[in-house]
Amino acid sequence: TILIERHKAAIKRSELSRPVRIALTAKLFTEGTTFFDYGCGCGTDVKRIKEQGFTSSGWDPYYQPNAAIEPADIVNLGYIINIIEDIEERREALTKAWELTRQVLIVSAQILVDDRRRGLMAYGDGVVTNPNTFQKYYEQEELKSYIDQVIGVDSIPVGLGIYFVFRDEIQAESFRAFRLYSPTSLPQVPAKDKSWSP
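Quick look at the structure, then. (Residues numbered from 1 in each chain as written. Predicted model: local features only at pLDDT ≥ 70, side-chain atom pairs only at ≥ 80, totals over all residues. Heavy atoms only, no water.)

1. Quick word on the overall build of the protein
- Counting its regular elements, the protein contains five helices and nine strands.
- The burial tally for the protein puts 47% of its 198 residues in the buried class.
- Within the protein, residue pairs in contact and separated by at least 24 positions form 65% of the contacts whose partners lie at least 6 positions apart.
- Element-wise, carbon and sulfur atoms account for 50% of the exposed surface of the protein, whose accessible area totals about 10300 Å². (Helix = DSSP H or I, 4+ residues; strand = E, 2+ residues; numbered from the N terminus. Buried < 20%, exposed > 50% of the residue type's maximum accessible area, 1.4 Å probe, protein only. Contact = heavy atoms within 4.5 Å. Areas by Shrake-Rupley, 256 points an atom, 1.4 Å probe, with all protein chains shown as cover.)

2. As for helix α4 (residues 140–151)
- Spanning 12 residues, α4 covers 17 Å between terminal C-alpha atoms, matching the ideal 16 Å at 1.5 Å per step.
- Taken together, the buried positions of α4 are Leu-143, Lys-144, Tyr-146, Ile-147, Asp-148, Val-150 and Ile-151.
- Taken together, the buried residues of α4 touch α3 (87–100), β4 (101–108) and β9 (162–166).
- Immediately downstream of α4, the backbone of Gly-152 shows phi near 65°, a positive value. (Expected span 1.5 Å × (residues − 1).)

3. Some points on the pattern of salt bridges
- In the structure shown here, the tally under the stated rule is seven salt bridges.
- Its salt-bridge partner being Lys-144, residue Asp-154 comes within 2.6 Å of it at the nearest N-O pair. Separated by 10 residues along the polypeptide, Asp-154 in the loop between α4 and β8 (156–159) and Lys-144 in helix α4 bring together distant segments of the chain.
- A residue is classified by how much of its surface remains accessible, and Lys-144, at 15% relative accessible area, is buried. (Salt bridge = Lys/Arg side-chain N within 4 Å of Asp/Glu carboxyl O.)

4. A look at the environment of Phe-29
- Its place among the elements puts Phe-29 in the loop between α1 (18–25) and β1 (34–38).
- Given the relative accessible area of 8%, Phe-29 is considered buried.
- For the pair formed by Phe-29 and Ile-49, sequence separation is 20 residues and the distance between their alpha carbons is 9.5 Å.
- Residues within four places of Phe-29 in sequence aside, it is in contact with Ala-23, Leu-24, Phe-35, Ile-49, Phe-54 and Ile-74.

5. What about unusual backbone geometry?
- Of note in this structure, Lys-27 is not a glycine but carries a positive phi near 60°.
- If you trace the backbone, Lys-27 turns up in the loop between α1 and β1.
- Taking the relative accessible area as the measure of exposure, Lys-27 reaches 61% and is therefore exposed.
- A positive phi angle, close to 55°, is found at Tyr-79, a residue other than glycine.
- Residue position: Tyr-79 is located in the loop between β3 (72–78) and α3.

6. Structural notes on the sheet that holds β4
- If you trace the six strands from one edge of the open sheet to the other, you get β2-β1-β3-β4-β9-β8, paired in mixed fashion. The open sheet has two edge strands, β2 (55–59) and β8, and neither has a second partner. Direction aside, the axes of adjacent strands within the sheet are offset by 20° on average.
- In this structure, β1 lies alongside β2, joined through five bridges in parallel fashion. Directly across from Phe-35, in β2, lies its bridge partner Ser-56. (Pairing = 2+ DSSP bridges. Axes fitted to C-alpha atoms, helices over the stretch in contact; angles between N-to-C directions.)

7. Focus on the packing of aromatic side chains
- Per the stated rule, a full pass over the model turns up seven aromatic pairs.
- Ring geometry for Phe-166 against Phe-175: centres 5.2 Å apart, planes inclined by 40°, an arrangement best described as tilted.
- Judged by relative accessible area, Phe-166 falls into the buried class, the value being 7%.
- Since its relative accessible area comes to 4%, Phe-175 is described here as buried.
- Stacked on the ring of Trp-98, the Lys or Arg Arg-167 has its end atom at 3.8 Å from the ring centre. (Phe/Tyr/Trp six-rings, centres within 6.5 Å; stacked < 30°, edge-to-face > 60°. Lys NZ or Arg CZ within 6 Å of the ring centre and 35° of its normal.)

8. A few points about α3
- For α3, with 14 residues, the first-to-last C-alpha span of 20 Å sits near the 20 Å given by 1.5 Å per residue.
- Backbone nitrogen of Glu-88 and a side-chain oxygen of the N-cap are separated by 3.1 Å at the start of α3; the cap is Asp-86. (Polar contact = N/O pair within 3.5 Å; in protein donor to acceptor, adjacent residues only side chain to side chain.)

Shape descriptors only; they carry no functional weight alone.
Here is the structure:
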């Protein structure tokens, strides 16, 4: 039996993760917006959003197991579903994060890269990496289909492996229109950058 050590997949960062940065740039955070990071790892996004003046908290089964799991306007499920090897548990994580979401759920996962199998061992529907973490690599459209099917919504792609899911269809349409008429409002992914980076 392989011991999967999920917590080792947590990345220690000093800056906001790309998915949360995109949400901030897209002005989804307005006065009074609350933020919750479901599976916050080392907690960088929680800390940085708090520094921006918003109510911000997070929970993680390894790093913050005793933190309260609470609803928020914006909930982040950042690079979580790709590290859960159990298919049912993966589904539960997505469902639970959606239940906590009042306005927008940010979902991100690793996207398939060409050299994904180099030195890695197949396990379930993914691979085991060298530090004994699990990775499920998605195709961009596969990830959208998965999100839409599990929580019954039409998720909006905003970057490589990054989707926004809106509670309110009017807000979703406004966001789509905002992006359509403001091409410079969201960061673009440079061609050289099209491998996974959190």
